[in-house]
Amino acid sequence: MPSLPWHAIDTVLLDMDGTLLDLHYDNHFWMEHLPQRYAELHGVSRAMAEMELQPLFERNAGQLQWYCLDFWSTELNIPVRELKLETAHLIALRPDADTFLAAVKKAGKRVILITNAHRDSLSLKLERIELAPYFERLISSHDYGFAKENPQFWDALQADIGFDPARSLFIDDTLPILRSARDFGVGHLLAVKEPDSKKGPKDTAEFAAVGDYRDLIVGL
């Protein structure tokens, strides 16, 4: 991976799940734990639970409600917040993400978290992983009413924090979101090579990808 032109970067925008935190927690919750608990709470088989959940997941993927715990609690008639606590021991920082955060903050860059995570999910994770001190702001897309996939998210972010897209670095593990940022004019974009530590490397298409956060600090 080429070294970053740090002299041309003022603002560092960072995703949370799959970027700073291991995506295993979220994947395990939505693909394994939630279907199992849904089956138990509604008295159906695990296979039936997955048949009922799959079309709902597909229909809402990439939209703001996909990330909203209130939406899923109502839609599925189960207490999603409480269920997320049952697997909270799986919440984990990606290797050396904190080393990277400390370095960019020390270098005087603006460091801002932008996540699609619902505020309740964000709070749950911040209780277990001490991320907040590294950031100027912790922004949930729910604050704006648009997911990061939506161009209107970026307009709202610009109006809120007044950043220069061309002099910003954005790291995210989701390709449609990176493309949305690119369309807005964000000048420096990186994907994540292995968002879920249990699934191995992923194809990041046209985007360079970070594997080791220590590599990004070179030249900082």
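Look above for the structure.
The structure displayed is predicted, hence computed values, not measured ones. (Residues numbered from 1 in each chain as written. Predicted model: local features only at pLDDT ≥ 70, side-chain atom pairs only at ≥ 80, totals over all residues. Heavy atoms only, no water.)

(A) Representation of the packing of aromatic side chains in the model. In the structure shown here, the tally under the stated rule is 15 aromatic pairs. With a centroid separation of 6.4 Å and an interplanar angle of 45°, the aromatic rings of Trp6 and Phe100 are classed as tilted. Placement of the pair is Trp6 in the segment before strand E1 (11-14) and Phe100 in helix H5 (residues 97-106), with a sequence separation of 94 residues. For the residue pair Trp6 and Phe100, the accessibility class agrees, reading buried in each case. Taken together through their ring pairs, the aromatic side chains of Phe29, Trp30, Phe57, Trp66, Phe71 and Trp72 make up a single cluster. Here the basic side chain of Lys84 rests over the ring of Phe29, its NZ or CZ set 5.4 Å away from the ring centre. (Phe/Tyr/Trp six-rings, centres within 6.5 Å; stacked < 30°, edge-to-face > 60°. Helix = DSSP H or I, 4+ residues; strand = E, 2+ residues; numbered from the N terminus. Buried < 20%, exposed > 50% of the residue type's maximum accessible area, 1.4 Å probe, protein only. Lys NZ or Arg CZ within 6 Å of the ring centre and 35° of its normal.)

(B) Molecular detail of the packing of helix H2 (residues 46-60) against helix H3 (residues 69-76). Two elements in contact, H2 and H3, have axes whose closest approach is 13 Å; the angle formed by their N-to-C orientations is 145°. For the element pair H2 and H3, the recorded crossing hand is right-handed. Across from Leu53, Leu56, Phe57 and Asn60 in H2, the residues of H3 making contact are Phe71, Trp72, Glu75 and Leu76. Grouping the amino acids of the contact of H2 with H3 by side-chain chemistry returns six nonpolar, one polar and one charged. (Axes fitted to C-alpha atoms, helices over the stretch in contact; angles between N-to-C directions. Left-handed = near helix turned anticlockwise from the far one by under 90°. Contact = heavy atoms within 4.5 Å. Nonpolar A, V, L, I, M, F, W, Y, C, P; charged D, E, K, R; others polar.)

(C) Structural view of the environment of Leu13. Secondary-structure assignment places Leu13 in strand E1. Note: C-alpha distance between Leu13 and Glu86 (73 residues apart in sequence) is 30 Å. Each residue touching Leu13, except ones within four places of it in the same chain, is listed here: Ile112, Ile114, Trp154, Leu157, Ile161, Phe163, Ser168, Leu169, Phe170 and Ile171.

(D) Inspection of the nonpolar core at higher detail. Membership of the largest hydrophobic core comes to 30 residues, with the highest contact counts inside it found for Leu14, Phe100 and Ile171. Contributions of two or more residues to this core are made by E1, H5, strand E2 (110-115), helix H6 (119-128), strand E4 (168-171), strand E5 (188-192) and helix H9 (213-216). When residues in this core are grouped by element, the largest group, four residues, is from H5. Excluding residues within four positions of it along the chain, Leu14 makes contact with Leu20, Phe100, Leu101, Val111, Ile112, Leu113, Ile114, Phe135, Phe170 and Ile171. In this structure, Leu13, Ile139, Phe153 and Leu189 belong to the second largest nonpolar core, which totals 20 residues. (Core = buried A, V, L, I, M, F, W, Y, C linked by side-chain atoms within 4.5 Å.)

(E) Main features of the sheet that holds strand E6 (residues 209-210). Read from one edge to the other, the open sheet built from six strands follows the order E3-E2-E1-E4-E5-E6, with strand pairing classed as parallel. Since the sheet does not close on itself, it has two edges, and those belong to strand E3 (137-140) and E6, each with one partner. Pairing analysis gives three bridges linking E4 to E5, with the strands arranged parallel. Looking at E5, one finds that Ile171 is bridged to Leu190. Against the sheet, H6 touches E2 and E3, its axis set at about 140° to E3. With respect to the sheet, helix H8 (residues 175-184) is in contact with E4 and E5, its orientation differing from that of E5 by roughly 180°. (Pairing = 2+ DSSP bridges.)

(F) Representation of the packing of helix H1 (residues 24-42) against H2 within the structure. Their axes nearest at 9 Å, the elements H1 and H2 cross at an angle of 120°. Regarding the angle of H1 to H2, the classification is oblique. Crossing hand, H1 versus H2: right-handed. Judged by residue contacts, Trp30, Met31, Glu32, Leu34, Pro35, Gln36, Tyr38 and Ala39 of H1 engage Arg46, Ala49, Glu50, Glu52, Leu53 and Phe57 from H2. The residue inventory of the contact of H1 with H2, partitioned by class, reads nine nonpolar, one polar and four charged. (Parallel < 35°, antiparallel > 145°, perpendicular 65-115°, else oblique.)

(G) Spatial organisation of the layout of surface pockets. What the largest pocket holds in volume is close to 680 Å³. As for the largest pocket, its lining consists of 30 residues, of which Leu23, Asp26, Asn27, Trp66 and Tyr67 are closest to the centre. Contributing elements (two or more residues each) for the lining of the largest pocket: H1, H6 and H8. No other element matches H1, which puts four residues into the lining of the largest pocket. Looking at side-chain class alone, the lining of the largest pocket contains twelve nonpolar, seven polar and eleven charged residues. (1 Å grid on protein atoms, 1.4 Å probe; cavity = no way out; pocket = protein on both sides within 12 Å on 5 of 7 lines; lining within 4 Å. Points joined across faces, edges and corners; volume = space filled by probe spheres on them.)

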